[in-house]
Amino acid sequence: MTLLLVQALNGIQLGMLLFLIAAGLTLVFGVMNFVNLAHGVQYMIGAYLGVSLAALTGSFWGGLVLASVAAGLFGLVLEWLIFRHLYGRSDLDQVLATFGVILALNEATRIIWGSNPLELAMPDALSGSFLLVPGLRYPVYRIAVMAAGLLVAAGLAVVVNRTRVGMLIRAGATNGAMVSALGVDIGRLFRLVFGVGAMLAGFAGVLAAPLVSVEPGMGDNLLILAFVVIVIGGVGSIRGAFVAAVIVGLVDTLGRSLITDGAHAAFSAGTSARIGPAVASMLIYLVMAVVLAIRPAGLFGKPV
Amino acid sequence: MAEPVLDIAGLSRRYGALQVTDNVSLQVMPGRIHAIIGPNGAGKTTLIQQIFGAVRPDAGVIRLGGRVVTHMAPHRRARLGLARSFQITSVLPDFTALENVALAAQGHAGSSLRFFGDVGKSAELNRAAFAALTRVGLAARQGVIAGRLSHGEKRQLELAMAVAVQPRLMLLDEPLAGAGPEETARLVALLGSLRSDCAILLVEHDMDAVFQLADDITVLALGRVIAQGGPDAIRADPAVRAAYLGEDF
Amino acid sequence: MIRRLLPWLIFAVFAAIPFLPVGGFVTLVAGRIMIFAIAAMSLDLILGVGGLPSFGHAAPIAIGAYAVAMLDAAGLNHLEYVLPAAMGAACLFAVITGSVALRARGINFIMITLAFAQMVFFAAGSLSDYGGDDGYSLTVRTDIAGQNLLKGGNLYFASLIALIGVWLLLRMIVASRFGRALSAVRQNRVRVQAMGINATAIELTALVIGAGIAALAGVLLANEAEFVSPAYAAWGRSGSLMVMVILGGLGSLHGAILGAAVVVLFEEGMGRYTQHWPLIFGVLLVLAVLFLRNGLAGVRRG
């Protein structure tokens, strides 16, 4: 039972990281109709910059702030250099070009920082653990990651729902042509959304760095998980991204422990060790399939 | 009295607060041209989409040749004898005119899951396609890539695709839209002659053409039927005049 | 005329390579090109003819390869069992995932196919009986009717025969009624439905045919490497298959062969000089998309 609680918390924490990546991705999809496979690269860049800048400033917090901003700026450079030429092009062009960006940047990362995994120490203030329930301690840092994700989610919700920029973003996600007809500089809106999205992914990368190994290509798997989040949540919906990210985080983390246990009860130990992990790794995709079967546009997507 | 080809009863559809189709009933009889007219926003397009099967009605029944098709997928309605043209010209741009129509004939034959044999050499399909192109006066352009046809020719091609499937009912969504005066005259003559092939449900803004062609007319306003009858009765109807107030009528 | 002869010219070059004094490495690379060409042509049916942007075509290849590994572990090494099992499993996978993915279009279709391929990647990595992430080495290559037809240099000619066979098969399919309907669905889906053709059924059939052929490529690839690992389903592999198809010109089958040749030559060729070849490849890919507006081969359709 306590183990279940730990798994649930880990699941929510994974969900928060996924949300930070998916939020930018879903807005870029929604507002610009742009397929950015290279969004996962932002997460990786954030983690690497976090490691380097934390070493440079001698402080995790310095690394966190500087790396997030730098990742956002890096995203804007990519937007200016490459992506803005791809708006309005076919999905296929966008996929190919951003695929090329991933290949190039993953390799560039390998050249700059090497192939060996790097580590980032968590800040002293958050490095301990606390007594969650009697007999169970839980790392403070993971709680802090969750809190950060929730704060960003709340902030985004306020911006998107309560401000003029947010209104434009929502309108742009539904009808881009209408927004530019209103005389809004759509290019500036794109850059804003893009920069913030890139920054959030970079922020997620730094946050994750103390928990995972920082290595080339680390963003790729998370990117595909973020895709699953967006498909489940519905393209262009921040709320959908949040709900789906928590669902995916929970299902993936809880599923792995529950299915292995369940298989253990149903089959012999050998069989369960064989099929348990395979089934568990497929769970989130099954959830995606079920959601699509019931709601092809996702939980919060606009039905066609 | 003969059985109607298309029988719509109590059709309704609501988008949020907007009632786009409100309890619409109409019947299209064999061998007749039935026109639907109404000011912009009257719900004509939604009605066409409901009959075609792209939009599901909230309530009401659609019968095609006596069969209930209310919740049937578009391709299955087409197999029951429903052919349509689109408001925005809709052809297969990479195919030749003949190939466009041959595909319609293939759809009619229900043979699209055949993997052997060169479809370009199918005498059966090519004969049917050429006959349909001849019927609409486009035989001379059979080898031209559809994307390169003129606007009027694309309209004719769409009609050929509809004719090729020997439908019970043709759903024509503004077949004259965008056509010049000369093309319009030719298309009107062609539409009139198609009456002998099948029943036609026509949505059209060109009132001269409508009154020239239609045997029956249904007038929609704000999703509701406000008048139904022959051209003369409609012309004299005060409710219709009110709905069209200010428009050229 | 040249267009008609080009495919046969390509096959002739492949047939000649083992007899030319070019060394074993060239023959090895040519063999890999043929196998990837089979996979690329099968994707061309889906992407080029059908217009379905599948970013998960590595999945059926991996399923084919893992069928070889699983049957190998069970002591079954006859192609008579291996090939039907591989193709059957890949087709079943395509039916299930395709039915889900086809509920979505465009961007969503890309993401969903990518996600399902990733599912295969992770599922393969958790198969501890078959080496998990480390992969599985075949005990022996698959035989055909007890003959060692895939062993040693024989594999090269078996691949060539498979290549020509798949090309002939796909050429026939593209020219058939089904092929015309598939092409029409790409051009104008609603129009095709209005003609009484079930567009989704046509698309799903294309996905299934493509998956079956990809599984054949997977069987050959597993035998070529005598090794199977989750990397067969890696998303980068799906991406390079797309590059091959688009490089060769969407809808052109022999173009897909040439596209496969370019990509594999780049990987193997550049790989000899620098391990950082993906950097150059990635940059070239971006430049190609940005500056060759009509597609890499200039024959791309919208």
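Check the entry above for the structure.
Everything quoted here is computed from the prediction, not taken from an experiment.

Let's shift gears to the overall build of chain C. In terms of regular secondary structure, chain C is built from 12 helices and two strands. When the elements of chain C are put in sequence order from the N terminus, they spell out α-α-α-α-α-β-α-α-α-α-β-α-α-α. Relative to the globule expectation of 19 Å for 302 residues, the C-alpha radius of gyration of chain C, 19 Å, shows essentially globular dimensions. The principal-axis extent of the C-alpha atoms belonging to chain C is close to 55 × 40 × 35 Å. Counting the 302 residues in chain C, one finds 60% classified as buried. Counted over contacts in chain C with a minimum sequence separation of 6, partners at least 24 positions apart contribute 77%. About 10,900 Å² of surface is accessible on chain C, with carbon and sulfur atoms providing 66% of the total. The positive charge centre, built from 18 side chains, and the negative charge centre, built from 12, are 21 Å apart in chain C.

Residue and element names in this part refer to chain B. The four strands lie next to each other as β2-β1-β4-β5, forming an open sheet whose pairing is antiparallel. A strand with exactly one partner marks an edge of an open sheet, and here the two such strands are β2 (18–28) and β5 (67–68). Taken together, the seven bridges between strand β1 (residues 6–15) and β2 define a ladder with antiparallel strand orientation. Paired with I8 across the bridge in β2 is L26. Relative to β1, helix α1 (residues 44–52) is tilted by about 120°, and along the sheet it contacts β1, β2 and β4 (59–64).

This brings us to the sheet that holds strand β7 (residues 169–173) of chain B. Residue and element names in this part refer to chain B. What the six strands build is an open sheet, ordered β6-β7-β8-β3-β9-β10; its pairing is mixed. The open sheet has two edge strands with one neighbour each: β6 (82–85) and β10 (224–229). Ignoring strand direction, the axes of neighbouring strands in this sheet form an average angle of 15°. Here five bridges tie β7 to strand β8 (residues 199–203), and the two strands are oriented parallel to one another. Across the sheet, L172 pairs through a bridge with L202, a residue of β8. Contacts from α1 reach β3 (33–37), β6, β7, β8 and β9 (216–221) within the one sheet, and its direction differs from that of β6 by about 145°. Where helix α5 (residues 151–164) meets the sheet, it contacts β6 and β7, and its direction lies at approximately 160° from that of β7.

In this section: the packing of helix α2 (residues 39–57) of chain A against helix α8 (residues 186–208) of chain A. Residues and elements named next belong to chain A. As a packed pair, α2 and α8 sit with axes 7 Å apart at the nearest point and diverge in direction by 50°. It follows that α2 is oblique to α8 by the angle criterion. Here the hand of the crossing between α2 and α8 comes out right-handed. Of the residues in α8, those in contact with H39, Q42, Y43, G46, A47 and G50 of α2 are G197, A198, A201, G202, A204, G205, V206 and A208.

Before going further, it helps to examine the pattern of salt bridges. Overall, the coordinates contain 20 salt bridges over all chains when judged by the stated rule. For the salt bridge of R224 of chain B with D22 of chain B, the shortest nitrogen-to-oxygen distance reads 3.2 Å. On the criterion of sequence distance, the pair formed by R224 of chain B in strand β10 and D22 of chain B in strand β2 is long-range, its members being 202 residues apart. If you follow the salt bridges from partner to partner, you end up with R155 and E158 of chain B together with R191 of chain C in one network.

Residues and elements named next belong to chain B. In the Ramachandran plot, N23 falls in the positive-phi region, its phi being about 55° despite a non-glycine side chain. Its place among the elements puts N23 in strand β2. Positioned with a positive phi, Q166 is a non-glycine residue whose angle comes to about 45°. Looking at the secondary structure, you find Q166 in the loop between α5 and β7.

Moving on: the interface of chain A and chain C. In this assembly, 44 residues from chain A lie in contact with 43 residues from chain C. With both chains or domains summed, chain A and chain C bury close to 4,000 Å², and 77% of this area falls on carbon and sulfur atoms. Scanning the region where chain A abuts chain C turns up zero salt bridges. Only α4 (91–113), α9 (218–233) and α11 (269–294) of chain A provide two or more residues apiece to the side of chain A that touches chain C. Its residues placed into classes, the side of chain A that touches chain C shows 33 nonpolar, five polar and six charged.

All right, on to the arrangement of the chains then. Across the two pairs of chains in contact, the largest number of contacts is found between chains A and C. Separated in space, chain A and chain B share no contact, their closest pair of C-alpha atoms being 10 Å apart.

Attention now moves to the pairing of β3 of chain B. All names here are of chain B. The element β3 is largely enclosed, with a buried count of five among its five residues. Neither face of β3 is left uncovered, since the one carrying I33, A35 and I37 and the one carrying H34 and I36 both have all their residues buried. For β3 and β9, the ladder comprises four bridges, and the chain directions are parallel. Its bridge partner being in β9, A35 is matched across the sheet by I217.

Attention shifts here to helix α9 (residues 199–225) of chain C. Residues and elements named next belong to chain C. When the terminal C-alpha atoms of α9 are compared, their 39 Å separation across 27 residues agrees well with the 39 Å that a helix rising 1.5 Å per residue should span. The element α9 is extensively covered by neighbouring structure, given that 23 of its 27 residues are classed as buried. E226 sits one or two positions beyond α9 and adopts a positive phi of about 55°.

Residue and element names in this part refer to chain C. Taking 1.5 Å per residue, 16 residues should reach 22 Å; helix α3 (residues 58–73) reaches 22 Å between its end C-alpha atoms and fits that length. Most of α3 sits out of view: 14 of its 16 residues are buried. Phi turns positive one or two residues past the end of α3, at G75, with a value near 85°.

Quick notes on the rules
- Residues numbered from 1 in each chain as written.
- Chains lettered and ligands numbered in written order.
- Predicted model: local features only at pLDDT ≥ 70, side-chain atom pairs only at ≥ 80, totals over all residues.
- Heavy atoms only, no water.
- Helix = DSSP H or I, 4+ residues; strand = E, 2+ residues; numbered from the N terminus.
- Rg over C-alpha atoms; globule rule 2.2 N^0.38 Å.
- Buried < 20%, exposed > 50% of the residue type's maximum accessible area, 1.4 Å probe, protein only.
- Contact = heavy atoms within 4.5 Å.
- Areas by Shrake-Rupley, 256 points an atom, 1.4 Å probe, with all protein chains shown as cover.
- Lys, Arg positive; Asp, Glu negative; His and termini not counted.
- Charge placed at Lys NZ, Arg CZ, Asp CG, Glu CD.
- Pairing = 2+ DSSP bridges.
- Axes fitted to C-alpha atoms, helices over the stretch in contact; angles between N-to-C directions.
- Parallel < 35°, antiparallel > 145°, perpendicular 65-115°, else oblique.
- Left-handed = near helix turned anticlockwise from the far one by under 90°.
- Salt bridge = Lys/Arg side-chain N within 4 Å of Asp/Glu carboxyl O.
- Buried area = accessible area lost by both parts, 1.4 Å probe.
- Nonpolar A, V, L, I, M, F, W, Y, C, P; charged D, E, K, R; others polar.
- Expected span 1.5 Å × (residues − 1).

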